[in-house]
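Overview (structure and organization)
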Amino acid sequence: MNPLELALARSKAYALFEMLYLQGITPDTKNSIQQIPELNDKIDTKRGYDEFAADHYSIFVHNLPPYASIFLEEDGQPGGEVTENAMRAFRGCGFKPSTTSEAADHIGHIMGCLSFICGAESDAWEDGRHEIAGQMRQIQVELLEEQVLPWLFPLWWAIRSFDTGIYRELANLTINITTDHYAGLEKMHSEYKAPLAEDVPFDINGSKLHDIAAYLLKPAQSGMWLSPKVIGTISREFDLPRGFGDRKTTLLNLLKSAGKYGTFDKLMQKLSNQLSDAHIHFEGIKMEDPHLGRFLTPWSLKIGKSSSTLHDLELAWKENQTVNV
């Protein structure tokens, strides 16, 4: 492909990703999906659009709100400086999100902004305005470095952890296309560092169950996202009650049940193994694509420390057979 064709192809891909993350499978997106075998093969054509909408809601509203702030803010809550940064980036390049019902740092809006800028690049090539095309590429680098890659890998891993259908493939394609896009702009890379929370060592001495739950539920500290579905799956695997409520309530109930029924050490081992699996995958990506190291290393370090903490909690339980509530 020449530069014009490549920019146009990227613009169309990001536009589809935008709509899939924001709306899921609709009559409009289904037509585009049919042109992409990886996605089309995952659609059950017997299902209706109401069912597709329910799938989308279950994943991206109930289980995994796909906002950068969820992963990057120290308190693990939406909004804050991360959302403000996304809004400033959009205003700086003239992009207006297609809807206002989701905050600016929603992955769908960020994909939409990339589509907008890639489209502007293709227009510049078509008009023979090479200087403008170069400026659009510079903006793309900034968006990839500041708005996408700092949190895309843990988002990808979180989607993989509980979905095996079209959204898992969507996450895979998002990783493949954005990293290929970034590699293609290698000469324009900056020294940007991801705005991750400072690592605070978790002191297991005197820690209580609510401290453990709070730590595990904040991706910027633990390095992972524990969705309600994952918590439910683990509780069923260990045959432990978790009750009802939000993530904090159900995880805390799960930890209490594990302590009550003598499986706390095994639960810690299960969570540690999940972290180790993510760590292996992230390190593998770094080996294949060293230029992505700056975005993966902070998460690998957090995951490694969390895995070590869970291992320490496992050993402490084996020694004392008790944990502070």
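In the block above lies the structure referred to throughout.
Residues numbered from 1 in each chain as written. Predicted model: local features only at pLDDT ≥ 70, side-chain atom pairs only at ≥ 80, totals over all residues. Heavy atoms only, no water.

Right, let's get into the overall build of the chain. For the chain, the count of helices and strands is 15 helices and zero strands. In terms of overall dimensions, the chain is globule-like: its C-alpha atoms have a radius of gyration of 21 Å, near the 20 Å expected for 325 residues. For the C-alpha atoms alone, the extent of the chain along its principal axes is close to 75 × 50 × 35 Å. The burial tally for the chain puts 50% of its 325 residues in the buried class. Considering only contacts in the chain between residues 6 or more positions apart, those separated by 24 or more positions represent 67%. Surface summary for the chain: the accessible area is close to 15500 Å², and the carbon and sulfur share equals 50%. Separation between the mean location of the 31 positive side-chain charges and that of the 44 negative ones in the chain comes to 5 Å. (Helix = DSSP H or I, 4+ residues; strand = E, 2+ residues; numbered from the N terminus. Rg over C-alpha atoms; globule rule 2.2 N^0.38 Å. Buried < 20%, exposed > 50% of the residue type's maximum accessible area, 1.4 Å probe, protein only. Contact = heavy atoms within 4.5 Å. Areas by Shrake-Rupley, 256 points an atom, 1.4 Å probe, with all protein chains shown as cover. Lys, Arg positive; Asp, Glu negative; His and termini not counted. Charge placed at Lys NZ, Arg CZ, Asp CG, Glu CD.)

This part covers the packing of aromatic side chains. When we look at a pair of aromatic rings, we describe it by the centre distance and by the angle of the planes. Taken as a whole, this structure holds 14 aromatic pairs when the rule is applied. Between the aromatic rings of Phe153 and Phe282, the centroid separation amounts to 6.4 Å while the plane-to-plane angle is 70°, which identifies the pairing as edge-to-face. Here Phe153 is found in helix 8 (residues 130-162), whereas its partner Phe282 is found in helix 14 (residues 264-288), with 129 residues between them in sequence. No difference in accessibility class separates Phe153 from Phe282, as the two residues are buried. When the centroid spacing of 6.5 Å and the interplanar angle of 25° are considered together, the rings of Trp156 and Phe282 count as stacked. With Trp156 in helix 8 and Phe282 in helix 14, this pair connects stretches of sequence that are 126 residues apart. Phe282 matches Trp156 in its accessibility class, with the two residues each being buried. By way of ring pairs, the aromatic residues Phe153, Trp156, Trp157 and Phe282 are connected into one cluster. Taking NZ or CZ as reference, Arg247 lies 3.7 Å from the ring centre of Trp225, over its face. (Phe/Tyr/Trp six-rings, centres within 6.5 Å; stacked < 30°, edge-to-face > 60°. Lys NZ or Arg CZ within 6 Å of the ring centre and 35° of its normal.)

Bringing the packing of helix 7 (residues 107-126) against helix 8 into the picture now. Taken N-terminus to C-terminus, the directions of helix 7 and helix 8 make an angle of 160°; their axes are 9 Å apart at the nearest point. By the angle class used here, helix 7 and helix 8 are roughly antiparallel. By crossing handedness, the relation of helix 7 to helix 8 is classed as left-handed. Its residues placed into classes, the contact of helix 7 with helix 8 shows 20 nonpolar, three polar and two charged. (Axes fitted to C-alpha atoms, helices over the stretch in contact; angles between N-to-C directions. Parallel < 35°, antiparallel > 145°, perpendicular 65-115°, else oblique. Left-handed = near helix turned anticlockwise from the far one by under 90°. Nonpolar A, V, L, I, M, F, W, Y, C, P; charged D, E, K, R; others polar.)

As a further point, take unusual backbone geometry. Even without being a glycine, Asp239 presents a positive backbone phi close to 55°. Within the fold, Asp239 resides in the loop between helix 12 (228-237) and helix 13 (247-260). Judged by relative accessible area, which is 68%, Asp239 ranks as exposed.

Once that is clear, we can look at the state of the cysteines. Throughout this description, disulfide means a covalent bond between two cysteine sulfur atoms. Here the structure, examined in full by the defined rule, presents zero disulfides. Cys93 takes part in no disulfide bond, and the closest cysteine sulfur to it belongs to Cys113, at a distance of 3.5 Å. Among the cysteines around Cys118, which has no disulfide bond, Cys113 carries the closest sulfur, lying 9.5 Å off. (Disulfide = S-S within 2.5 Å.)

Bringing the pattern of salt bridges into the picture now. Under the criterion given, the structure shown has eight salt bridges. Of the charged contacts in the structure, one is a salt bridge between Arg10 and Asp180, with a shortest N-O distance of 3.8 Å. Linking Arg10 in helix 1 (residues 3-23) with Asp180 in helix 9 (residues 166-184), this pair joins segments that are 170 residues apart in sequence. Accessibility expressed as a relative area gives 10% for Arg10, which makes it buried. Residues participating in the shared-partner salt-bridge network are Arg47, Glu51 and Asp55. (Salt bridge = Lys/Arg side-chain N within 4 Å of Asp/Glu carboxyl O.)

Volume-wise, the largest pocket comes out at about 520 Å³. Around the largest pocket, the lining is made up of 26 residues, and of these Leu217, Pro228, Asp246, Arg247 and Lys248 lie nearest the centre. Within the residue set of the lining of the largest pocket, elements represented by two or more residues are helix 4 (49-63), helix 12 and helix 13. Ranked by residues supplied to the lining of the largest pocket, first place goes to helix 12 with five residues. Grouping the amino acids of the lining of the largest pocket by side-chain chemistry returns ten nonpolar, eight polar and eight charged. (1 Å grid on protein atoms, 1.4 Å probe; cavity = no way out; pocket = protein on both sides within 12 Å on 5 of 7 lines; lining within 4 Å. Points joined across faces, edges and corners; volume = space filled by probe spheres on them.)

Okay, the side chain of Ser115 next. Relative to the helices and strands, Ser115 is located in helix 7. When neighbours within four sequence positions are excluded, Ser115 is seen to be in contact with Ser11, Tyr14 and Ala15.

Geometric descriptors of this kind do not, in isolation, establish any biological role.
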